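Structural overview for review
Below, each chain spelled out in residue letters.
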Amino acid sequence: MNNYKSGFVTLLGRPNVGKSTLINKLIGEKITITSPVAQTTRKKLKGILTTKVGQIIFVDTPGVHKPHHLLGEILVKNAKSAIKGVDIVVLVLDSSVEPGRGDEYIKDFLVANKTEFIVVLNKWDLVNKELKNLRLDQYKKLIGASKNFQIVSASEGDGCSELIDMILNLLPKGPMLYEEDKICDQSLDNLLSDFVREQVLINTREEVPHSVAVKIEKIQEIKKDNGKKFTAIMATIIVERTSQKGILIGKKGLMLKTIGQTARSNMKRLINGPVHLELFVKVIPNWRKKESKLMEFGYEVDY
Ligand code: GDP
Ligand code: MG
């Protein structure tokens, strides 16, 4: 075991490039939520991949809020805090679009900071055949021709095992830091509530923006008469306004049903068994301004 390796790996990149999707794929479980809505990831979350030769601890970073005039500043501020204490930095780029300002900000920061990093070109499945060469050239120009990179598709899994090997190669020697079967540092509550919040973001888009929190009220394993077990989960979605409550419940409760169905199927996968999910919606005006509420709903009050 003396040659065992371990270390922290952070994925940097502008919002929506697929950082969370990639972490999920790499560790093979859904632990971090993803959505087409930027700023989905709010809390720092660690995903753990344990192999025979090493243990990789991926740190997912929170996304960035909207104000575009501050984008560069915020990306760099986040990057600064994200690279603290990590062993490997992975710059994630979205090959389905041309390189943009956000990519450049982060890359320039890493270079100026003399941070070693590896590059991942994600969403390769979305690039048309005729465009592939052009895209490669565009991104090579951004990162420098001599820089190694790995092409992946986080959603399909292509290139992921190569990326894991690349990371394991670079990891320093070290002991296993988490138990072998641990895949995440977050509590079950946090993971479950994020699954609900994810579906709220995906299904409501701008209508119920970021003023939503989810609190898990109860997790209970119940044994039925026939001996079969299921997990009963009760969760409250907290919004700031009555109008948002209406949107979330939807016509004849349809919206809440849609949210519940997908959240429940993700929960089933995580828990590895049947789940009964009950969702409630509650209005708490200005909950985001109350620190006690933030803590109650599981937020780290750090940015
Ligand atoms: P993050 O903000 O960087 O964490 O990005 P997410 O992981 O939340 O992903 C943003 C969106 O891109 C989601 O809708 C993902 O499903 C999608 N996505 C991520 N990776 C890929 C990929 O390789 N291929 C395709 N087609 N979609 C992807
Ligand atoms: Mg994310």
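For the structure, check the block above.
Reference entry: report on the structure contained in this document. (Residues numbered from 1 in each chain as written. Chains lettered and ligands numbered in written order. Predicted model: local features only at pLDDT ≥ 70, side-chain atom pairs only at ≥ 80, totals over all residues. Heavy atoms only, no water.)

Turning our eyes to something else, we now look at helix α4 (residues 132-143). Compared with the 16 Å implied by 1.5 Å per residue over twelve residues, the 17 Å span of α4 between its first and last C-alpha is a close match. Of the residues making up α4, those classed as buried are Arg135, Leu136, Gln138, Tyr139, Leu142 and Ile143. In an axial view of α4, the angular spread of the buried residues amounts to 165 degrees, which keeps them on one side of the axis. Away from the buried face of α4 by more than 90 degrees, exposed residues Asn133 and Lys141 are located. (Helix = DSSP H or I, 4+ residues; strand = E, 2+ residues; numbered from the N terminus. Expected span 1.5 Å × (residues − 1). Buried < 20%, exposed > 50% of the residue type's maximum accessible area, 1.4 Å probe, protein only. Arc of directions from axis to C-beta.)

With respect to burial, strand β8 (residues 229-239) is a largely interior element, nine of its eleven residues being buried. Pairing analysis gives ten bridges linking strand β7 (residues 213-223) to β8, with the strands arranged antiparallel. Looking across to β8, one finds that Gln220 is bridged to Ala232. Relative to strand β9 (residues 275-283), β8 runs parallel, the two being bridged by nine bridges. What sits directly across from Ile233, in β9, is Leu277. (Pairing = 2+ DSSP bridges.)

The next thing to look at is the site of ligand 1. Lining the immediate surroundings of ligand 1 are 17 residues, of which Asn16, Lys19, Thr21, Asp125 and Ser155 lie closest. Interatomic distance of 2.9 Å between a side-chain N/O atom of Ser20 and an oxygen atom of ligand 1. Between ligand 1 and Asp125 there is a distance of 2.8 Å, counted from a nitrogen atom to a side-chain nitrogen or oxygen. Burial of ligand 1 by the protein chains amounts to 83% of its free accessible area of 590 Å². When residues in the shell around ligand 1 are grouped by element, the largest group, three residues, is from helix α1 (residues 19-27). (Near = heavy atom within 4 Å. Polar contact = N/O pair within 3.5 Å; in protein donor to acceptor, adjacent residues only side chain to side chain. Areas by Shrake-Rupley, 256 points an atom, 1.4 Å probe, with all protein chains shown as cover.)

Turning next to helix α8 (residues 254-271). Between its first and last C-alpha, α8 extends 25 Å over 18 residues, near the 26 Å set by a 1.5 Å rise per residue. Within the sequence span of α8, burial applies to Met255, Leu256, Ile259, Gly260, Ala263, Asn266, Met267 and Leu270. Each buried residue of α8 sits inside an arc of 140 degrees when the element is viewed along its axis, so together they form one side. Exposed residues on α8 whose side chains face more than 90 degrees from its buried face are Leu254, Lys257 and Arg269. The secondary structure elements touched by the buried residues of α8 are α6 (188-204), β8, α7 (242-249) and β9. Asn272 sits one or two residues past α8 and shows a positive phi near 70 degrees. (Contact = heavy atoms within 4.5 Å.)

Now for the sheet that holds β9. Pairing is mixed in the open sheet, where three strands are placed in the order β7-β8-β9. On the outer flanks of this sheet lie β7 and β9, each paired with one strand and no other. Geometrically, the sheet is characterised by an average inter-axis angle of 15 degrees between neighbouring strands, direction not taken into account. Against the sheet, α8 engages β8 and β9, with an angle of about 135 degrees to β9. (Axes fitted to C-alpha atoms, helices over the stretch in contact; angles between N-to-C directions.)

Quick look at the side chain of Asn266 now. Tracing the sequence through the fold places Asn266 in helix α8. Setting aside its immediate chain neighbours within four residues, Asn266 contacts Lys30, Phe195, Glu198 and Gln199.

Before going further, it helps to examine the sheet that holds strand β3 (residues 54-60). The sheet built from six strands is open, its strands ordered β2-β3-β1-β4-β5-β6 with mixed pairing. Two strands bound the open sheet, and with one partner strand each, they are β2 (45-50) and β6 (149-151). Here the average twist between neighbouring strands, direction ignored, is 25 degrees. Of the strand pairs in this sheet, β2 and β3 are connected by six bridges, and their pairing is antiparallel. Each residue of the ladder has a partner; that of Thr50, found in β3, is Gln55. Each of β1 (5-12), β2, β3, β4 (88-94) and β5 (117-122) is contacted by α1, which is oriented at about 155 degrees to β3, the strand it contacts most.

Moving on, we get to the nonpolar core. Across soluble globular proteins, you tend to see nonpolar side chains buried next to one another. Counting residues in each nonpolar core, the largest one holds 25 residues, and the members touching the most others are Val196, Ile237, Met267 and Leu279. Elements supplying a minimum of two residues to this core: α6, β7, β8, α8 and β9. With six residues, the top contributor of residues to this core is α8. One finds Val9, Ile56, Phe58 and Leu168 within the second-largest nonpolar core, a separate group that totals 24 residues. (Core = buried A, V, L, I, M, F, W, Y, C linked by side-chain atoms within 4.5 Å.)

Turning our eyes to something else, we now look at the environment of Val9. Here Val9 shows up in strand β1. The spatial distance from the C-alpha of Val9 to the C-alpha of Val89 is 5.8 Å, given a sequence separation of 80 residues. Discounting residues that sit within four places of it in the chain, Val9 has contacts with Ile56, Ile57, Phe58, Val59, Ile88, Val90, Ile167 and Leu171.

Our next topic: the pattern of salt bridges. Pairing of side chains with opposite charge becomes possible as their charged atoms draw close. The final tally for this structure, using the stated rule, is six salt bridges. Ionic pairing is found between Lys229 and Glu221, a salt bridge with its closest N-O pair at 3.9 Å. (Salt bridge = Lys/Arg side-chain N within 4 Å of Asp/Glu carboxyl O.)

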